[in-house]
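So the chains spell out like this:
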Amino acid sequence: MAQLAGLIVSEDDGFKKHVGRMLRTGPIPLSVLDERLARDGAAPDVIVVDARGDASSAMSTIERMRATAAGAGIFAVALAADPDLILQSMRAGANEFFTWPPPEETFHNAIRRLAGRRETAIGSKPPATTLVFFGAKGGAGTTTVAVNCGVELARLSKRSTVIVDLKAGLGEVSLFLGVRPRYTLIDAIDNLHRLDREFLRELVVKHKSGLEILAGADHFDRPGAGDAGALEELFRLLGRQYDYILIDAGSQINSCTVAALYTADQMFLIGNPDVPSVRNAQRLLDRVRQLGACGERVRIVMNRAAEPFPIPPKQIESALGHPIHHMFPSDYKTVSAALNSGVPLALTGNSDIASQFDRFTRLILDPNAQIAPVAAGKKNALGIERLASLW
Ligand SMILES: Nc1ncnc2c1ncn2[C@@H]1O[C@H](COP(=O)(O)OP(=O)(O)O)[C@@H](O)[C@H]1O
Ligand SMILES: [Mg+2]
């Protein structure tokens, strides 16, 4: 999907929060730039200017924005649709005018029009697909699924594919793939202003499958809360260079993983068919809905799913209000042999779990073959009651 960058110019935190949410929850994945980063040269595609206060200072802001970001769409938001003010805003360089609070549908339509114009201007590169892997609990197999899917995607699609390890403190993606990174995600977010193709090539390690790896940090406190804005911008920049972006987001919801969720075309929620996974998955799904990060993009994946299931799959689906998108069998021997040798399953020959990764990845490559998700909220009360009695 097209990745746009938005900038909000306002002194009012309430305005920033409201407009930020509208930008992020629209039909087009869009990252909201930190004003600091924007000053460092990241070019916004859409700029929303708070014009509810002093009109002349709002007009000079619009003029300044127009001068620094010639190609951006500038949206002015004022308290009333005063014809004089509309005219002045347009003369200063605004493309759209809204009254506060902007009606969601009109606002999103304006973004859609802007994205359409952008795509024609950018030309031939098809938009990147971002896949985020999120664990319902630690140890559920998030890294295993993300890494093996990344290898299969690079191998089957022959398109440029990168996996980003978001975990603070010794991420495991490079370990699983048996590669030694020289640089990490932190080098990327600390050097966003010069993150072009050449520089990226220095930062990533290439696996023999073709998959490129932006390794996890060796800091225990980074990426942290202060890095969320830079991460959003990083994902957008990666979207310009790669066809597929996979993000191993670990199992903690924090501002960095939320940045990843906003950018996701598909979010894979990885759990095991057990009580902690299902309970946490319910909470995570609620949180995703609260964030407005489009619950329809969520795919439930059950890993280490072997009979007898501690909780039957139908009951898990009822409790979560989502179908199970894929189940991977439990095969500790094969998975741990692959892990210890640093050779991913897809490259180790025939096993049921390797062919499952092949199927899983082909479904990503051919979205038409995807199983339609159950509408959010369609929960089976009986299933939930049965599950509730389990904890
Ligand atoms: N399908 C599976 N069958 C058996 N063991 C698995 C499977 N998937 C993962 N594992 C094992 O579970 C452990 C945790 O996996 P990992 O991918 O690191 O989880 P997470 O990233 O969610 O913490 C590892 O030892 C891994 O080898
Ligand atoms: Mg992990």
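In case you missed it, the structure is sitting above this.
First, a word on what this report is: a plain description of the structure on this page.

About the thresholds
Residues numbered from 1 in each chain as written. Chains lettered and ligands numbered in written order. Predicted model: local features only at pLDDT ≥ 70, side-chain atom pairs only at ≥ 80, totals over all residues. Heavy atoms only, no water. Pairing = 2+ DSSP bridges. Helix = DSSP H or I, 4+ residues; strand = E, 2+ residues; numbered from the N terminus. Axes fitted to C-alpha atoms, helices over the stretch in contact; angles between N-to-C directions. Contact = heavy atoms within 4.5 Å. Near = heavy atom within 4 Å. Polar contact = N/O pair within 3.5 Å; in protein donor to acceptor, adjacent residues only side chain to side chain. Areas by Shrake-Rupley, 256 points an atom, 1.4 Å probe, with all protein chains shown as cover. Nonpolar A, V, L, I, M, F, W, Y, C, P; charged D, E, K, R; others polar. Expected span 1.5 Å × (residues − 1). Buried < 20%, exposed > 50% of the residue type's maximum accessible area, 1.4 Å probe, protein only. Arc of directions from axis to C-beta. Phe/Tyr/Trp six-rings, centres within 6.5 Å; stacked < 30°, edge-to-face > 60°. Lys NZ or Arg CZ within 6 Å of the ring centre and 35° of its normal.

## Observations regarding the sheet that holds strand β4 (residues 73-78)
Turning to step 1, where the next piece is worked out: Reading across the sheet, the five strands line up as β2-β1-β3-β4-β5 and stay open at both edges, with parallel pairing between neighbours. The open sheet has two edge strands with one neighbour each: β2 (30-32) and β5 (96-99). Ignoring which end each strand starts from, the neighbouring axes of this sheet average 25° apart.
Turning to step 2, where the next piece is worked out: Relative to strand β3 (residues 46-50), strand β1 (residues 4-9) is paired through four bridges, and the arrangement is parallel. Bridge assignment links G6 to a residue of β3, and that residue is V46.
Turning to step 3, where the next piece is worked out: Across the sheet, helix α1 (residues 13-24) lies against β1, β2, β3 and β4, angled at about 155° from β3, the strand it touches most.
Turning to step 4, where the next piece is worked out: Where helix α3 (residues 55-68) meets the sheet, its contacts fall on β1, β3 and β4, and the angle it forms with β3 comes to roughly 165°.

## Describing the site of ligand 1
Turning to step 1, where the next piece is worked out: What surrounds ligand 1 is a group of 17 residues, the closest being G139, G141, T142, T143 and T144.
Turning to step 2, where the next piece is worked out: Between ligand 1 and R304 there is a distance of 3.2 Å, counted from an oxygen atom to a side-chain nitrogen or oxygen.
Turning to step 3, where the next piece is worked out: D331 places a polar main-chain atom, nitrogen or oxygen, 2.9 Å from a nitrogen atom of ligand 1.
Turning to step 4, where the next piece is worked out: Protein contact buries 85% of the 570 Å² of open area that ligand 1 shows by itself.
Turning to step 5, where the next piece is worked out: Secondary-structure elements contributing two or more residues to the shell around ligand 1 are α6 (142-157) and α14 (332-341).
Turning to step 6, where the next piece is worked out: Across the shell around ligand 1, the residue classes tally to seven nonpolar, eight polar and two charged.

## Looking at α1
Since there are 3.6 residues in each turn of an α-helix, residues three or four apart along the chain are aligned in direction.
Turning to step 1, where the next piece is worked out: The end-to-end C-alpha distance of α1 is 16 Å, a good match for the 16 Å that 12 residues give at a rise of 1.5 Å each.
Turning to step 2, where the next piece is worked out: Of the positions making up α1, those classed as buried are F15, V19, G20, M22 and L23. Angular distribution of buried residues about the axis of α1 spans 165°; they occupy a single face of the element. Summarising the geometry of α1, the exposed residues directed more than 90 degrees from the buried face are D13 and K17.

## Comments concerning the packing of aromatic side chains
Turning to step 1, where the next piece is worked out: In this structure the tally under the stated criterion is eight aromatic pairs.
Turning to step 2, where the next piece is worked out: When the ring of F133 is compared with that of F268, the centres are 5.1 Å apart and the planes differ by 20°; the resulting orientation is stacked. A residue pair is termed long-range when its members are at least 10 positions apart, and F133 in strand β6 (residues 129-135) and F268 in strand β11 (residues 266-271) qualify at 135 residues.
Turning to step 3, where the next piece is worked out: Judged by its relative accessible area of 0%, F133 is buried.
Turning to step 4, where the next piece is worked out: Aromatic ring contacts, followed pair by pair, group F133, F268, F328, F357 and F360 into a single cluster.
Turning to step 5, where the next piece is worked out: Directly above the ring of W100 sits R52, whose terminal nitrogen or CZ lies 4.7 Å from the centroid.
Turning to step 6, where the next piece is worked out: The residue whose ring lies beneath R194 is F199, and the NZ or CZ to ring-centre distance is 4.1 Å.

## Comments concerning the sheet that holds strand β8 (residues 205-206)
Turning to step 1, where the next piece is worked out: Spatially, eight strands are ordered β8-β9-β7-β10-β6-β11-β12-β13 in an open sheet, and the strand pairing comes out mixed. The sheet terminates laterally at β8 and β13 (324-327), the two strands that pair on one side only.
Turning to step 2, where the next piece is worked out: Helix α12 (residues 275-291) contacts β6, β11 and β12 (298-302) of the sheet and is inclined by roughly 155° relative to β11.
Turning to step 3, where the next piece is worked out: Seen against the sheet, helix α13 (residues 313-320) touches β12 and β13 and runs at an angle of roughly 145° to β13.

## Thoughts on the pairing of β12
Turning to step 1, where the next piece is worked out: Of all five residues making up β12, five are buried, and the element is well covered by its neighbours.
Turning to step 2, where the next piece is worked out: The alternating pattern of β12 places V298, I300 and M302 and R299 and V301 on opposite faces, both of which are buried.
Turning to step 3, where the next piece is worked out: Two strands pair when backbone bridges link them, and β11 and β12 are joined in this way by five bridges, in the parallel orientation. Following the sheet pairing, G271 is matched in β12 by M302.
Turning to step 4, where the next piece is worked out: In this sheet, β13 lies alongside β12 in parallel orientation, the contact comprising three bridges.

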